[in-house]
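Analysis of the macromolecular model
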Amino acid sequence: MAATVDTVETVKALSDGDYKYGFVSDIEADFAPKGLSEDIVRFISAKKDEPEWLLEWRLKAYRHWLTMVEPNWARVGYPPIDYQDSYYYSAPKTQDRPKSLDEVDPELLRTYEKLGIPLKEQEMLAGVAVDAVFDSVSVATTFKEKLAGIGVIFGSFSDAVQEHPELVRKYLGSVVPYADNFFATLNSAVFTDGSFAYIPKGVRCPMELSTYFRINAANTGQFERTLIIAEEGSYVSYLEGCTAPMRDENQLHAAVVELIALDDAEIKYSTVQNWYPGDKNGKGGIYNFVTKRGACRGRNSKISWTQVETGSAITWKYPSCILQGDNSVGEFFSVAITNNYQQADTGTKMIHIGKNTRSTIIAKGISAGHAQNTYRGLVRVLKSAEGARNHTQCDSLLIGDACGAHTVPYIEVKNRSAQIEHEATTSKIGDDQLFYCQQRGLSAEDAVSMIVNGFCKQVLQQLPMEFAVEAQKLVGISLEGSVG
Amino acid sequence: MLEIRNLHVAVDGKEILKGIDLAVGRGEVHALMGPNGSGKSTLAYVLAGREGYEVTKGEVLYQGRNLLDLAPEERAREGVFLGFQYPVEIPGVAAMNFLKAAVNAVRKHRGEDELDAIDFLKLVRDKAKALKMDGELLKRPLNVGFSGGEKKRNEILQMAMIDPRLAVLDETDSGLDIDALKIVAAGVNALRGPERAILLITHYQRLLNYIVPDRVHVLVDGRIVKSGGKKLALEVDDQGYEPFTAGEKAA
Amino acid sequence: MGKDKSIAASYARQFAEVEGALPGRGLAWLDALRANAIERFAELDFPTPKLESWKFTNLRPLTREVFAPSPATRNGLGKGDVARWLADDLPCHLMVFVDGHFRADLSELGALPRGARVASLAETLAGDPARLEAHLAGNDAIEGDAPVALNTALMADGAVIALDRGVALEKPVHLLYLATAATKPVAMHLRNLVVAEPGSSATLIETYAAPRGGRYWTNAVTDIVVARDAQIRHFKLQNESVDAFHLAATRARLAKGSGYDSFYASFGARLSRNEIATRLDGEGADCRLSGVYLARGRQHVDNTTVIDHREPGSVSKEHYKGVLDGDAHGVFQGKIIVRPGAQKTDAHQLNKNLLLSKTAQADTKPELEIHADDVKCSHGAAVGELDAEALFYLRSRGLDPAHAQRMLVEAFIGEVIDGIGTPALRSHLGRLVAAWLSEAED
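Notes on the structure follow. Model, not experiment: these values are computed from the prediction.

This part covers unusual backbone geometry. Unusually for a residue other than glycine, B:Asp163 sits at a positive phi of about 60°. Looking at the element boundaries, B:Asp163 is found in the loop between helix 5 (148–162) and strand 9 (166–170). Positive phi, normally seen in glycine, also occurs at C:Asp45, with a value near 60°. Summarising the element assignment, C:Asp45 is placed in the loop between helix 2 (28–44) and helix 3 (60–63).

This is the structure:
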């Protein structure tokens, strides 16, 4: 079977019928037929009422994508993806939504409960069609007004295209060019929506740009595009994703995130990714091919990535920092947990260009069941990067003897004043540790959760407080069934 | 409280315990003495349910129930506490958090309310003070970088907090200087009571100067070769294990 | 049919021209092996940086022209040219090769214990080919990249060392490969085979040197079979001409309880790549790889190692250090694999690089691939310059900057060299390092 999943059954039913080519002009339609072509790209752009330049940009990406070959260097295996067997634009399927939590998969509800997610939010995450959505909209509006008061622009990418085209045009593709890589190029051609944030000069964003994002995130779709710009001296902390597993019908995800930090600006970007990992036998699950990159353009700027990756059948993701500005700082803190038949190939790239640039990488990989977990990271010091510093620590924890943990660092240094250090270790949960915990009354599952959380502590403590608590629980849940 | 009958235990097919009979009653403190390799720690692990110890014969009753049927955490929740000879390090997990998780797991099992953060902290602080423990220690990862004395005091603190019915203390005195020994002994003595049984496992008699046992047993080569009152410990101290070993060989 | 101008096709034509004169011609298994190998070579072609394992090393300078097989020469080399490459106070069984061909007149094999055989490949193919068939025939012989396949097709000489069960060679076997300045670019496809039967032990020294410089290509393949409880120590010194190319692949297979201890020192060659692939096939096998690489000018030095733990309870330790000056480019790629079921593996790897100039460059890729949980594996890598404070301290005690630098570099390298068990080899290497360092001051 081709590695795509039918997006929306109802749409399928319609498109199997007489519907043929007229859809391009018919922008009232809520769907496009299967497959990818210039017409589809035009359709998406028209549907979103985009300016000509953006359509041209999408088309350039699409044409370039046709010349590209899907990368195969990552340590992940999956059946070939038939890109013509997917839907690239469709409206959410409201009719099929559960009417109440009673109709939702009890397994999902059990997880929500363990995570301690409030009932209202459970409904939204599970896609229950209830009025609660309107609550969130009003909450959102309140925040939006408060942010607007200090000049922060925060909203959907589509809105930004309409309301702040000059900013979008200036920065879109400036960190991840449309021709960057196979999946980013695909995204550039067909992205539907995502988030946009602009923090003006000298403003310290007073709240995590997440407070209501969790709710809004439920429908960001398959080709998400995010752009965050931090002007001189500004600060923003952005939270993406959700600890709760989300209802999602798309198997292939190819998101692009671009961050730009100017002089003295700081962006903190935290992700918790908990998409459907497939069942115990490795059937189903999301393919997550993401390009995330931040440019520290200004002097003394800082970009910090924190990620907790527990979901998806396949994770292909390397949040990176281009350290252009002198004294700029890049950080990458990562926890990647794979269980059952999950595969993760994730890490970072730190490109040192400016003087006295510094980077820190702390990656914790946990592998259980039959999973394969790879850290792949690049630290590159260019000739210009006088005084560059990097410290990398990669630790792997294996649970069971059928899984794999791999570490593939690339270190390339062209400046002698650089100091680059990389360390990696591999360990397992010791029988003595488990027994000690059990002797104090903890169940094996709780003991594993506690030990793994201890192992990940350096990373989890980077998360904003309220998020960290849920993430800790998530770590335990992700490893259920891995011991005993 | 605890009744061990003709217990035989093998590790990797080799018999270590060769027929132990031992009864420890409510409110009693027993000392189990023996040379290295006599099977003392094996007995402790078997009582706590560690994997890899095969009971080939005999039975262990705890409060009238078959202890050997229970999983390690069930034994702990039922009130069996093992003070480890070598407490295990768990990086990244603060000693305090571990203790809280353990105490609440046991309380929940007993049908008691979980302690809230404030009550818990107050309780820990009081108990730690009695053991002359630095509160900062509990913020550090469990046993990681603790000195030998700190580890042992932390074991006793856990015991005090968990409030077990049967405490098995495996070489709690090893690696302690005399001051630390006195503190640990005082901690154990404070827990003596009519509802609790304590089994002290030790190589040396010196601990028994501070915790006076009701009964003393000498374990040699997997068998209890002699039992007696507290004077027996002095006898061991005086003559070493040689006479007991010799008797064993002759037999 | 039009002539294929690709470099691979040129070598294929070269093979057709010379195959009739290659040693062992007429042995059916060998003829088949060579034919198979040249086909495989044509199929693979020379690797490019697009290939992950060649990401940091570009063979373009080597593939711009075709290197003809090196003819046997006399070129006036005498015993005096040999002596300077031998370690003092270390009697050995010496085999000298000049331009890729064994020279009995310069060699001193001496008396070998019963059950030990040391001979050249060409001799062995002529006199005792059956001994080789088991180890050379079969697909393992051409496993690997194109240079190994080309070596298999064109191999002309090398050393064959065979130790019977329990035989211990007290004196090392020293293989000295001297290249003389040829008038046209030549290639030496050297093939060595070491078979150590159960419980045997030996020390092997390889030295590659060019007393008169020159532009040539050494393409060496060394297969080492270490049977149960056998021990092989391997010490390789690469001091080729700075205009030369040196590609070498050493493949060692370790059986249960056996040991392989390798030390590599790289000083010469315009472009060199030393590959060591070890397979720990038996429980408790013990593998040590250490090395130093020093490069300056426009030298490119590549160290690529694979340690493959396939059975439980095996041990590996790897320690490589590089010193890079001028426009030199140093590469370290080290992969540790722990296969499913290879529990209790204990594998540690460390690579450190010192950059002495503004334009030197270091790429390092230490890699762990682990499929078993009860293992202890770690790796570390570092790149940096000399400690400014230490440098200042030495200067404040009156040392001139060059001397101070030399002292610190020697200390840096010393950490690896001090691990060499044989004192005579340790001091031999110390002298070579000192000589390399003093060249900088000329």
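Residues and elements named next belong to chain B. One open sheet holds the six strands; their spatial order is 6-9-10-3-11-12, and the pairing between them is mixed. Where the open sheet ends on each side, the last strands, each with one partner, are strand 6 (80–83) and strand 12 (223–228). Strand-to-strand twist of the sheet, defined as the mean angle between neighbouring strand axes without regard to direction, takes the value 20°. Across four bridges, strand 6 lies against strand 9 in parallel orientation. Across the sheet, residue Val80 finds its bridge partner in strand 9, namely Leu166.

In this complex, chain A contributes 18 residues to the contact, which on the side of chain B involves 31 residues. Taken over both partners, the interface formed by chain A and chain B buries close to 1900 Å², and the fraction arising from carbon and sulfur atoms is 66%. Broken down residue by residue, the surface that chain A buries against chain B is led by A:Phe435, A:Tyr436 and A:Arg440, which jointly contribute 40%. In this structure, the connection of chain A to chain B is made through one salt bridge. Between B:Glu155 and A:Arg440 there is a salt bridge; the shortest N-O distance is 2.6 Å. Summed over the shared surface of chain A and chain B, the result is eleven residue pairs in polar contact (both at pLDDT 80 or more). Taken together, the elements giving at least two residues each to the side of chain A that touches chain B come down to helix 11 (431–439) and helix 12 (444–460) of chain A. In terms of residues, the side of chain A that touches chain B owes the most to one element, helix 11 of chain A, which gives eight residues. Taken together, the residues of the side of chain A that touches chain B break down into eight nonpolar, six polar and four charged.

Our next topic: the pairing of strand 11 (residues 245–254) of chain C. Residue and element names in this part refer to chain C. The buried count for strand 11 comes to nine of ten residues, which makes it a mostly enclosed element. Pairing analysis gives ten bridges linking strand 11 to strand 13 (residues 271–280), with the strands arranged parallel. Residue pairing for strand 13: Ala248 is matched across the bridge by Asn274.

This next bit is on the sheet that holds strand 5 (residues 65–66) of chain B. Residues and elements named next belong to chain B. The strand order across the open sheet formed by four strands is 2-1-4-5, and the pairing between neighbours is antiparallel. Every other strand in the sheet has two partners, leaving strand 2 (14–24) and strand 5 as the edge strands with one partner each. In this structure, strand 4 (residues 54–62) lies alongside strand 5, joined through two bridges in antiparallel fashion. Residue Leu61 lies in a different strand from strand 5, and its bridge partner there is Asn66. Across the sheet, helix 1 (residues 40–48) touches strand 1 (2–11), strand 2 and strand 4, and the angle it forms with strand 1 is around 110°.

Across the boundary between the two partners, chain C contributes 34 residues, which contact 32 residues of chain A. Summed over the shared surface of chain C and chain A, the result is three salt bridges. Among the salt bridges present, the one from A:Lys428 reaches C:Asp374, with a minimum N-O distance of 3.9 Å. At the surface where chain C touches chain A, the tally comes to 15 residue pairs in polar contact (both at pLDDT 80 or more). Elements supplying a minimum of two residues to the side of chain C that touches chain A: strand 19 (361–370) and strand 20 (376–384) of chain C. In terms of residues, the side of chain C that touches chain A owes the most to one element, strand 19 of chain C, which gives ten residues. Split into classes, the residues belonging to the side of chain C that touches chain A amount to 14 nonpolar, ten polar and ten charged. As paired elements, strand 18 (residues 419–428) of chain A and strand 20 of chain C share seven bridges and run antiparallel to each other. Across the sheet, residue A:Glu423 finds its bridge partner in strand 20 of chain C, namely C:Gly380.

About the thresholds
Residues numbered from 1 in each chain as written. Chains lettered and ligands numbered in written order. Predicted model: local features only at pLDDT ≥ 70, side-chain atom pairs only at ≥ 80, totals over all residues. Heavy atoms only, no water. Helix = DSSP H or I, 4+ residues; strand = E, 2+ residues; numbered from the N terminus. Pairing = 2+ DSSP bridges. Axes fitted to C-alpha atoms, helices over the stretch in contact; angles between N-to-C directions. Contact = heavy atoms within 4.5 Å. Buried area = accessible area lost by both parts, 1.4 Å probe. Salt bridge = Lys/Arg side-chain N within 4 Å of Asp/Glu carboxyl O. Polar contact = N/O pair within 3.5 Å; in protein donor to acceptor, adjacent residues only side chain to side chain. Nonpolar A, V, L, I, M, F, W, Y, C, P; charged D, E, K, R; others polar. Buried < 20%, exposed > 50% of the residue type's maximum accessible area, 1.4 Å probe, protein only.

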